[in-house]
Amino acid sequence: MYSTYLNKIYEHSLREYPECTKLLHHYQTTSISEMSEDRIYQEICWIVYSSGFKNEIIQKYWPKITEAYFNFEIKKIIEEYPDLESGATIICKKSNFKNLNKAKWCLYNANRVSHMNENLNDSGLKAVLKTITKMDVLEIYEILPDLRRQLGLKGIGPVTIFHLLKNVGVDIFKPDIHVSRILDHIGFFKEIKSYREVYCILKQISDEMQIEVSSLDTALFVYGKNNENLKSLDYLV
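All values derive from a computational prediction rather than experimental measurement.

S.K.: Tell me what's going on with the overall build of the chain, and back it up with residues and numbers.
M.R.: Of regular secondary structure, the chain possesses 14 helices and zero strands. In sequence order, the secondary structure elements of the chain are arranged as α-α-α-α-α-α-α-α-α-α-α-α-α-α. What you see for the chain is a C-alpha radius of gyration of 18 Å, in line with the 18 Å of a compact globule of 237 residues. Reported as C-alpha extents along the three principal axes, the dimensions of the chain are approximately 55 × 35 × 30 Å. Residue pairs at least 24 apart in sequence account for 68% of intrachain contacts in the chain once pairs closer than 6 positions are excluded. For the chain, the exposed surface amounts to about 11900 Å²; the carbon and sulfur share of it is 49%. Each charge class in the chain can be summarised by its mean position, and for the 30 positive and 31 negative side chains these summaries are 6 Å apart.

In structure tokens, the structure reads:
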């Protein structure tokens, strides 16, 4: 049953939503090796800001947020905003996105990334994430709590860590609200108690479809955000 539903959702998203094709291309061509530290930091900021908000809202404010963070140039951010409280206030004013906590977390994270890069030699942020991308995904599930502690990033929690991993090239699903709503609707969480188990089943289904887990996840995300009433799912099969 799950396979039928998910296959139909994937096909529907590809057919009906051009953004799905664009996102699939983005994730399929993402490589941590080609990402600068500033680019990785940008992804962290996107995740922090998008958590709890609709994608459309963050897209609306993102150009101004980008300006407020000097195109996410970590060195300049630290120079221009030496104090988290006052810096966050300025960012909120510049971006017109009035969420002081998210601004403070992102400023903290800029300093955290800089610290990792300067003091941990070969264990800076990019090096850590690059190592993770080479691991078997089931191994990643085992080390996730330790990884979050090692990174020490504000606003990256037990769910959004999956978002970060996907955004740096790990073939994983991110259990955000849109994906989770769909999986819950089709009965996944009645039988499956952990994200690791969900991944194993999605991996099996995506292998049958000859696509990556991250591609299936992307199609679920796009479908979910475009269909808040999931009764539409019942008409796909």
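S.K.: Can you break down the layout of surface pockets residue by residue, with the values?
M.R.: Size it by volume and the largest pocket reaches roughly 970 Å³. Taken together, 34 residues line the largest pocket, and the ones lying closest to its centre are W46, S50, N55, H163 and F221. For the lining of the largest pocket, the class distribution of residues is nine nonpolar, 12 polar and 13 charged.

S.K.: Explain helix α10 (residues 160-167) residue by residue, including any values.
M.R.: By the criterion of burial, α10 is predominantly enclosed, with eight of the eight residues buried. Taken as a whole, α10 has its buried residues at T160, I161, F162, H163, L164, L165, K166 and N167.

S.K.: Outline the pattern of salt bridges, listing residues and values.
M.R.: This structure, assessed with the given rule, holds 12 salt bridges. Where R39 meets E43, a salt bridge forms, and the shortest distance between an N and an O atom there is 2.4 Å. Here R39 and its partner E43 are both found in helix α3 (residues 37-50), four residues apart, which amounts to about one turn of the helix. A residue is classified by how much of its surface remains accessible, and R39, at 29% relative accessible area, is partly exposed. A salt bridge links D217 to K166; the nearest nitrogen and oxygen atoms lie 2.4 Å apart.

S.K.: Could you give an account of helix α9 (residues 137-151), with specific residues and numbers?
M.R.: The end-to-end C-alpha distance of α9, which contains 15 residues, comes to just 18 Å, noticeably less than the 21 Å that a straight helix rising 1.5 Å per residue would cover. The largest bend along α9 reaches roughly 60 degrees and is located at I143, with the proline P145 sitting one to four residues downstream. Those residues of α9 hidden inside the fold are in contact with α7 (100-119), α8 (125-133), α10 and α13 (195-209). The N-terminus of α9 is capped by D136, whose side-chain oxygen sits 2.9 Å from the backbone nitrogen of L138. Directly beyond the C-terminal end of α9, a positive phi value near 60 degrees is found at G152.

S.K.: Please provide a residue-by-residue account of unusual backbone geometry, values included.
M.R.: Most peptide bonds take the trans form, and the phi angle of most residues other than glycine is negative. Residue N96 is not a glycine yet carries a positive backbone phi of 65 degrees. Mapped onto the elements of the fold, N96 is located in the loop between α6 (84-95) and α7. Positioned with a positive phi, Q210 is a non-glycine residue whose angle comes to about 60 degrees.

Thresholds applied
- Counting starts from 1 at the beginning of each chain's written sequence and moves along it residue by residue.
- Residue-level local features of this predicted model are given only where pLDDT is at least 70; pairs of side-chain atoms are given and counted only at 80 or more, and the full residue set underlies all totals for whole chains, interfaces and linings.
- To get the side-chain values, take all heavy atoms of the structure and skip hydrogens and water.
- A run of H or I in DSSP counts as a helix once it spans at least four residues, and a run of E counts as a strand once it spans at least two, with each numbered from the N terminus.
- Based on C-alpha atoms, the radius of gyration is set beside the globule rule, defined as 2.2 Å times the residue count to the power 0.38.
- Contact between two residues is taken to exist if any of their heavy atoms lie within 4.5 Å; hydrogens are not considered.
- Only the protein chains shown count as cover for residues, and all accessible areas are computed by the Shrake-Rupley method using a 1.4 Å probe.
- Just so you know, the count uses Lys and Arg for positive and Asp and Glu for negative, and it drops His and the chain ends.
- Where a charge lies is defined by one atom per residue type, namely NZ (Lys), CZ (Arg), CG (Asp) and CD (Glu).
- Only protein atoms enter the calculation, which uses a 1 Å grid: trapped sets of points that fit a 1.4 Å probe without letting it out are cavities, open sets showing protein on both sides within 12 Å along at least five of seven lines are pockets, and any residue with an atom within 4 Å of a point is a lining residue.
- Grid points are joined across faces, edges and corners, and a volume is the space filled by probe spheres set on the points.
- Polarity classes work like this: nonpolar for Ala, Val, Leu, Ile, Met, Phe, Trp, Tyr, Cys and Pro, charged for Asp, Glu, Lys and Arg, and polar for all others, with Gly in that last group.
- Residue burial is assigned from relative accessible area. The probe radius is 1.4 Å, only protein chains are included, and a residue is buried under 20% of its type maximum, exposed over 50%, and partly exposed in between.
- The salt bridge definition used is simple: a Lys or Arg side-chain nitrogen within 4 Å of an Asp or Glu carboxyl oxygen.
- Here a helix's expected span is defined as the number of its residues, less one, multiplied by 1.5 Å.
- Two axes enter the bend calculation: one fitted to the seven residues ending at the residue in question, the other to the seven starting there, and the bend is the angle between them.
- Under this definition, polar contacts are N or O atom pairs within 3.5 Å; protein pairs additionally need one hydrogen-donor-capable and one acceptor-capable atom, and for neighbouring residues in sequence, both atoms have to be side-chain atoms.

The values are spatial; any link to function lies outside them.
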